[in-house]
Amino acid sequence: MVVYGEGRYTCPEHGRQPAAPRAIADLDAGRFENPCPVCAGPMGWATVPEDARLDPRSSYAASKVAQEHYAAAWASQGGGRVVALRYHNVYGPGMPRDTPYSGVAAIFRSALERGEPPRVFEDGGQMRDFVHVDDVARANLAAIDAALAAAGSSYAAYNVCSGQPVSIAEVARLVARGAERDLEPVTTGEYRLGDVRHIVASPALATVELGFTAQVGPAKGLPAFATAPLR
Ligand SMILES: [Zn+2]
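Note that the structure is a prediction, hence the values are computed from the model and not measured.

J.: Just checking my understanding: could you explain the coordination of the zinc ion for this structure?
T.: Each donor-metal-donor angle would ideally measure 109.5 degrees in four-coordinate tetrahedral geometry, or 90 or 180 degrees in six-coordinate octahedral geometry. Bound to the zinc ion are the protein donor atoms Cys11 (SG), His14 (ND1), Cys36 (SG) and Cys39 (SG), situated 2.1 to 2.3 Å from the metal. One can describe the donor arrangement at the zinc ion as tetrahedral, given that its four donor atoms subtend angles of 106 to 114° at the metal. Sequence positions of the donors to the zinc ion reduce to the motif C-x2-H-x21-C-x2-C. Highlighted residues: histidine 14 in the loop between strand S1 (8-11) and strand S2 (15-17) and cysteine 36 in the loop between helix H1 (24-28) and strand S3 (44-46), separated in sequence by 22 residues. On the basis of relative accessible area, histidine 14 is assigned to the partly exposed category, the value being 32%. Residue cysteine 36 is classed as buried on the basis of its relative accessible area of 3%.

The following block contains the structure:
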């Protein structure tokens, strides 16, 4: 999902608008929603489709965009068939314990294991899509089937997501519920510079073209993740 850089934002007055990096003064004052560039009012979120502008903001993200471009070039030059999968927030059993990819669900889980409440940054209203690893496996199989069925050279990219967006506060609540440690998440108001406020995938294209629909929603998958084995 890092290929997108930002999520998609809409102002109730002015419709879809680009989001500029959030100002430190706003973050310090607890104004976490991206301001509309026209009226400066808080913007809401919308789902990001695959044809959104690619905007890699780290070397890691740039490498993912480059991979897509290399694969697309290979497909058109050599008659290859490529399906690119843009995973959103993947979680589930077997997840590495301490890597940069573990993500916030694993961080919440580790806190609960230490007997500490999960610490939620900002106001907890950041929206994401958490997709279970079993669904990621299903998406990979669907992608292989699609590539095998394609006639001649082809390239397509798809979001791999649950289609059930959750706030980070809700992620913390769901993981804490599964841990059964009676530790309520704490919303700290802290923030990390450069964090994206919302990024929520559209699942529509993968459903239509790959026949992929997630089967493990966050309400079921995240509490189970609290006690799932890690590696
Ligand atoms: Zn506006």
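Back to the write-up after that little detour.
J.: Just checking my understanding: could you explain the layout of surface pockets for this structure?
T.: By rolling a water-sized probe across the atoms, one finds the places where empty space is left. In this model, the second largest pocket occupies a volume close to 310 Å³. Going through the elements one at a time, S1 and S2 are the ones with two or more residues in the lining of the second largest pocket. Here the residues of the lining of the second largest pocket are counted per class, giving six nonpolar, two polar and six charged.

J.: Would you take a moment to explain the pattern of salt bridges for this structure?
T.: It is possible for side chains of opposite charge to pair when their charged atoms get near one another. Overall, the coordinates contain 15 salt bridges when judged by the stated rule. Here arginine 197 makes a salt bridge to glutamate 33, at a shortest N to O gap of 3.1 Å. Pair noted here: arginine 197 is in the loop between strand S11 (186-187) and helix H6 (204-210) and glutamate 33 is in the loop between H1 and S3, with a separation of 164 residues, a long-range link. On the accessibility criterion, arginine 197 (1% relative accessible area) is buried. Overall, glutamate 33 belongs to the partly exposed group, its relative accessible area being 30%.

J.: Mind showing me how you'd approach the packing of helix H3 (residues 103-113) against helix H5 (residues 168-179) here?
T.: Packed helices, taken two at a time, are described by their axes: the angle between them and the distance between them. Between H3 and H5, whose axes approach to 10 Å, the crossing angle comes to 40°. Considered as vectors, H3 and H5 are oriented oblique to each other. When the axes of H3 and H5 are compared, the crossing they make is right-handed. The residues of H5 that touch H3, namely those facing Val104, Ala105, Phe108, Arg109 and Leu112, are Ile168, Val171, Ala172, Val175, Ala176 and Ala179.

J.: For this particular structure, what's the right way to read the packing of H5 against helix H7 (residues 218-225)?
T.: Where H5 contacts H7, the two axes come as close as 6 Å, and the packing angle between them is 55°. Judged on the interaxial angle alone, H7 and H5 are oblique. Like other packed secondary-structure pairs, H5 and H7 cross with a definite hand, here right-handed. When H5 is examined against H7, the residues Val171, Leu174, Val175 and Gly178 are found in contact with a partner set consisting of Pro218, Ala219, Leu222 and Pro223. Looking at side-chain class alone, the contact of H5 with H7 contains seven nonpolar, one polar and no charged residues.

Scoring rules and cut-offs
- Residues numbered from 1 in each chain as written.
- Predicted model: local features only at pLDDT ≥ 70, side-chain atom pairs only at ≥ 80, totals over all residues.
- Heavy atoms only, no water.
- Donors = N, O, S within 2.8 Å, 3.2 Å for Na, K, Ca; no water.
- Tetrahedral: all angles 85-135°; square planar, octahedral: opposite > 155°, others 65-115°.
- Helix = DSSP H or I, 4+ residues; strand = E, 2+ residues; numbered from the N terminus.
- Buried < 20%, exposed > 50% of the residue type's maximum accessible area, 1.4 Å probe, protein only.
- 1 Å grid on protein atoms, 1.4 Å probe; cavity = no way out; pocket = protein on both sides within 12 Å on 5 of 7 lines; lining within 4 Å.
- Points joined across faces, edges and corners; volume = space filled by probe spheres on them.
- Nonpolar A, V, L, I, M, F, W, Y, C, P; charged D, E, K, R; others polar.
- Salt bridge = Lys/Arg side-chain N within 4 Å of Asp/Glu carboxyl O.
- Axes fitted to C-alpha atoms, helices over the stretch in contact; angles between N-to-C directions.
- Parallel < 35°, antiparallel > 145°, perpendicular 65-115°, else oblique.
- Left-handed = near helix turned anticlockwise from the far one by under 90°.
- Contact = heavy atoms within 4.5 Å.

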